[in-house]
Amino acid sequence: MTPNWVDFAIIGGKAIFIWGFALSLLPVLIWFERKGAAFIQDRAGPNRAAVFGIRLAGLIHNIADVVKLLMKEMMIPPQVNRTYFMIAPVLGFTFILTAFAVIPWADRFLVAGRDISMQVADLNAGILFILAVTSLNVYGIVLAGWSSNNKFALMGGLRSTAQMISYEIPLGLALVGIFMVFQTVQLNEIVRGQGDLLWGFLPRWGIVVQPLGAILFIVAAFAETNRNPFDLPEGESEIVAGYHVEYSGMRFALFYMGEYAAIVLSAAMITTLFFGGWQIPWFPTESIVANAHAWLKVMLAGGALGALAFAVLMFAWSKRIHGAFGDRRENEGAILFALHAVIGVVLAYLFVESLGMSSIPEWGARTVALVAQISAFAVKTIFWCWVFIWVRGSLPRFRYDQLMRLGWKNMIPLSFVNILLTGIVLVLMGG
Amino acid sequence: MGEVTLNHYLYLSAILFFIGAFGVLFRQNLLVILMSVELMLNAVNLSFIAFARHSAGTMDGHVIAFFVMALAAAEAGIGLAILVMLFRNRTTVQAGDLTLMRD
Amino acid sequence: MAILFYLFAALAVLGGLLMVSLRNPLSGAFSLILSLVSLAGLFAMLQAEFVFILQVLVYAGAIMVLIIFTIMLLNLNKDELAEPPVGWMRLIFTALVCAVAAFGAIRVFGDITPVQMEPAPDFGSIEGVGRLMLSDFLYPFEVISLILLVAVVGVVLLAKKVI
């Protein structure tokens, strides 16, 4: 049993891919949080920070934020317990990133006689590994709350412990229905099971076969990430900022990154378990591979059309802002127009070239399927990330007793009902 | 170093068990005593799992370990509830201060 | 593999020793978590995958969080944490008794000869343990569920101010 270097390189590449995916979604999420909240509240949102006049609708603000947070002094207040105070932010981030190891993002990739499973670690325990690791995530918050030696921080820590323990139960119980339907706990197998069709036309996604379980899981996932409407641990109107009130600089940023990474993880889990994961509805992997040339053409045409349409929009916008600012910001529309026009023309050229193609080699077909499935996974995950922001903009915060009542008296009984119903239906169907 | 056998796991289990026993016997803080009991239970679990792998060959040990965990959860819940009530009534968590029956 | 075993074993013993010796119960709790997670690593080395997951999920993730929650809820100050002074004699005596008992246990365990066997392919898997739990161990399983129910009721009764 001597693993060779190619295996190591493959595993390393996969780890870099999924972490890169998760981490590169963080700035997008912060941007969602600002521009999306601004959109919901009918205001403009951040639009000042610019690099050479390019603002990218507020995305450049993230660079300004990072620079600010890096330059800031990392205060250590005198009353804190220094060791725990410094460990806490790291803990909050590490466990979340570890949990990404079992998320699958595409069907297995067959190339050069290798069968590469598109997840970092194909554990038998699968989803339970995520549950186990994310249950450790609470320690970051608890340590931060306790070591700050501040009563608001302690309140935040207390609230988060109670909340996380309470909502882990419906989270786990909601999964039991999924285990019963798909007869496995391995995430890749669950996703593969969601590729079939129900009654010949409906994709057998988790949300279709487990509607109640899906709702319970999504609500519990919101609570586990400490997001609105369950963001009591940091309720700024009651306990200032909760567990991270004493933090500043990069340590504070680590908490925020941890929270957004948890959102990405939850979105990826919701996608994987209930929305088909990397499955493209009605198109199983083998059909994509068999018709790869058609898929390639459609993808190139779609990309070209999208880029050209965006270029036209940018062109109109650059006309509109001409002379509006009197500085380099006026050039942004033209630059974006040029960029997207070039991309669109290149894709259109590739599309015309590909028209004459009637078949492509096996590895090319597999790559097309891989790209299509990764895109499907990414689109679904980003949509669910947006839902997290959307809910935050729409719902008020729970009161603490309401939170506990919802968790213990509504969600846990409902998840038992879900298990019972699933069992009855499975027995009646002879499964 | 050499190969790790069943005996190594059992030695570790014994050491952990008696560290926990020392905590129960020596410490006064009820919270620490409770945690020491948890450590003892875990030491026992380790020997169950080690026996299951290296001696029995069945998974009975795993099931027993699961039962022990369930019991530990029940024990921790009740123990902590008693402790909180005790602290509310007597404002102490030291075992040495609870001498109402003796005095 | 041997290095991993000694690493985990050393961490487990270190965590246990810190737990019984540190004054602050929160530090003790975190030492115990170190010990429990190292034990989880040992369970994984023994191919007990289900128990490994449960150890992290239930012990490190739930029971210890409960204990830490209580510690934070009580929020003990220095006076309440100060243990009454104990004589050196008592420390030495207790340590000696425990050490002798541990030594005796090790002597007994040294006589056990392990059986070399190749585990079945589903050894330690969730499916295998689950099947066993609901066939051979069905009655103990039900009794455990009753015990948990009793514990839940008991805790609620204990924690209520007025019944």
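Up top you'll find the structure we're talking about.
None of these values were measured; they are calculated from a predicted model.

Asker: Could you clarify how one ought to interpret the overall build of chain A in this entry?
Answerer: Helices and strands together make up the secondary structure of chain A, namely 16 helices and four strands. Taking 22 Å as the expected radius of gyration for a compact globule of 431 residues, we find that chain A reaches 24 Å, a close match to that expectation. Along the three orthogonal principal directions, the C-alpha set of chain A runs to about 75 × 70 × 50 Å. For chain A, the residues scored as buried account for 43% of the 431 residues in total. Contacts spanning at least 24 positions in sequence make up 79% of the contacts within chain A whose residues lie at least 6 apart.

Asker: How should I be thinking about the overall build of chain B in this particular structure?
Answerer: Counting its regular elements, chain B contains three helices and zero strands. Starting at the N terminus and walking to the C terminus, you meet the elements of chain B as α-α-α. Radius of gyration (C-alpha) of chain B: 17 Å, far over the 13 Å computed for a compact globule of 103 residues. Seen through its principal axes, chain B has C-alpha atoms that stretch 55 × 30 × 20 Å. In chain B, buried positions account for 54% of the 103 residues. Considering only contacts in chain B between residues 6 or more positions apart, those separated by 24 or more positions represent 50%.

Asker: Just checking my understanding: could you explain the interface of chain A and chain C for this structure?
Answerer: It is common to report an interface's size as the accessible area lost on association of the parts. The partner chain C presents 17 residues to the 18 residues of chain A that form the contact. Of all the elements in the fold, those that place two or more residues in the side of chain A that touches chain C are α4 (127-136), α5 (138-147) and α6 (151-182) of chain A.

Asker: How do you make sense of helix α1 (residues 5-40) of chain A when you look at a structure like this?
Answerer: Helical geometry note: an α-helix holds 3.6 residues per turn, so side chains three or four residues apart project in the same direction. Residue and element names in this part refer to chain A. Taking 1.5 Å per residue, 36 residues should reach 52 Å; α1 reaches 50 Å between its end C-alpha atoms and fits that length. Taken as a whole, α1 has its buried residues at Ile-18, Ala-22, Leu-25, Leu-29, Ile-30, Trp-31, Phe-32 and Arg-34. The secondary structure elements touched by the buried residues of α1 are α2 (60-71), α3 (82-99), α11 (249-274) and α15 (362-394). The positive-phi residue at the C-terminal boundary of α1 is Asp-42, with phi of around 60°.

Asker: Would you mind showing me how to read the interface of chain B and chain C here?
Answerer: Of the residues lining the interface, 68 residues belong to chain B; the matching set on chain C comes to 72 residues. Elements with a contribution of two residues or more to the side of chain B that touches chain C: α1 (6-26), α2 (30-56) and α3 (60-90) of chain B. Here the side of chain B that touches chain C takes 22 residues from α3(B), the largest share from any one element.

Asker: So what exactly am I meant to see when it comes to unusual backbone geometry here?
Answerer: Most peptide bonds take the trans form, and the phi angle of most residues other than glycine is negative. Residues and elements named next belong to chain A. Non-glycine residue Asp-42 carries a positive phi angle of around 60°. What makes Asp-42 exposed here is the crowd of 6 C-beta atoms within 10 Å. Backbone geometry at Asn-226 places phi at a positive 60°, although glycine is not the residue there. On the neighbour-count criterion, Asn-226 (25 C-beta atoms within 10 Å) is buried.

Asker: For this particular structure, what's the right way to read the arrangement of the chains?
Answerer: There are two pairs of chains in contact here; the most contacts are made by chains B and C. There is a gap between chain A and chain B: no contact, and a shortest C-alpha distance of 13 Å.

Asker: Can you walk me through the packing of α6(A) against helix α16 (residues 400-428) of chain A in this structure?
Answerer: Think of two packed helices as two axes; the pair is described by the angle between the axes and how far apart they sit. Residues and elements named next belong to chain A. It is at 9 Å that the axes of α6 and α16 come closest, and there the two elements cross at 10°. The pairing of α6 with α16 is recorded here as roughly parallel in orientation. Grouping the constituent residues of the contact of α6 with α16 by class yields 17 nonpolar, eight polar and one charged.

Asker: How do you make sense of the environment of Phe30(C) when you look at a structure like this?
Answerer: Structurally, the position occupied by Phe30(C) is in helix α2 (residues 25-45). Look at Phe30(C) and you get buried, because 22 C-beta atoms sit within 10 Å.

Asker: Would you explain the nonpolar core in this entry?
Answerer: If you look at soluble globular proteins, the nonpolar side chains tend to sit buried side by side. Among the nonpolar cores identified, the biggest contains 198 residues, and Phe217(A), Met64(C) and Ile67(C) are the most heavily contacted of them. If one sorts the elements of this core by residue count, helix α3 (residues 49-74) of chain C sits on top with 18 residues. When neighbours within four sequence positions are excluded, Met64(C) is seen to be in contact with Ala29(C), Leu32(C), Ile33(C), Leu36(C) and Tyr59(C).

The rules behind each value
- Per-chain numbering applies: the sequence of each chain, read as written, is numbered from 1 onward.
- Written order determines the labels here, with chains lettered from A and ligands numbered from 1.
- Residue-level local features of this predicted model are given only where pLDDT is at least 70; pairs of side-chain atoms are given and counted only at 80 or more, and the full residue set underlies all totals for whole chains, interfaces and linings.
- Segments assigned H or I by DSSP are reported as helices when at least four residues long, segments assigned E as strands when at least two residues long, and all are numbered from the N terminus.
- The size measure is the radius of gyration over C-alpha atoms, and the globule rule it meets is 2.2 Å times the number of residues to the 0.38 power.
- To sort residues by exposure, count the other C-beta atoms lying within 10 Å of each residue's C-beta; 20 or more gives buried, 12 or fewer gives exposed, and values between give partly exposed, all with C-beta atoms placed from the backbone.
- Residues are scored as being in contact if the C-beta atoms we place from backbone atoms lie within 7 Å.
- Given the number of residues in a helix, its expected span is that number minus one, multiplied by 1.5 Å.
- An axis is simply a line fitted to the C-alpha atoms; with a helix, the fit covers only the stretch in contact. Between two such axes, the angle follows the N-to-C directions and lies from 0 to 180 degrees.
- Put simply, angles under 35 degrees are roughly parallel, angles over 145 are roughly antiparallel, angles from 65 to 115 are roughly perpendicular, and the rest are oblique.
- Note on residue classes: Ala, Val, Leu, Ile, Met, Phe, Trp, Tyr, Cys and Pro are nonpolar, Asp, Glu, Lys and Arg are charged, and everything else, Gly too, is polar.
- For this entry, the nonpolar core is defined as buried Ala, Val, Leu, Ile, Met, Phe, Trp, Tyr and Cys residues connected by C-beta atoms within 7 Å.

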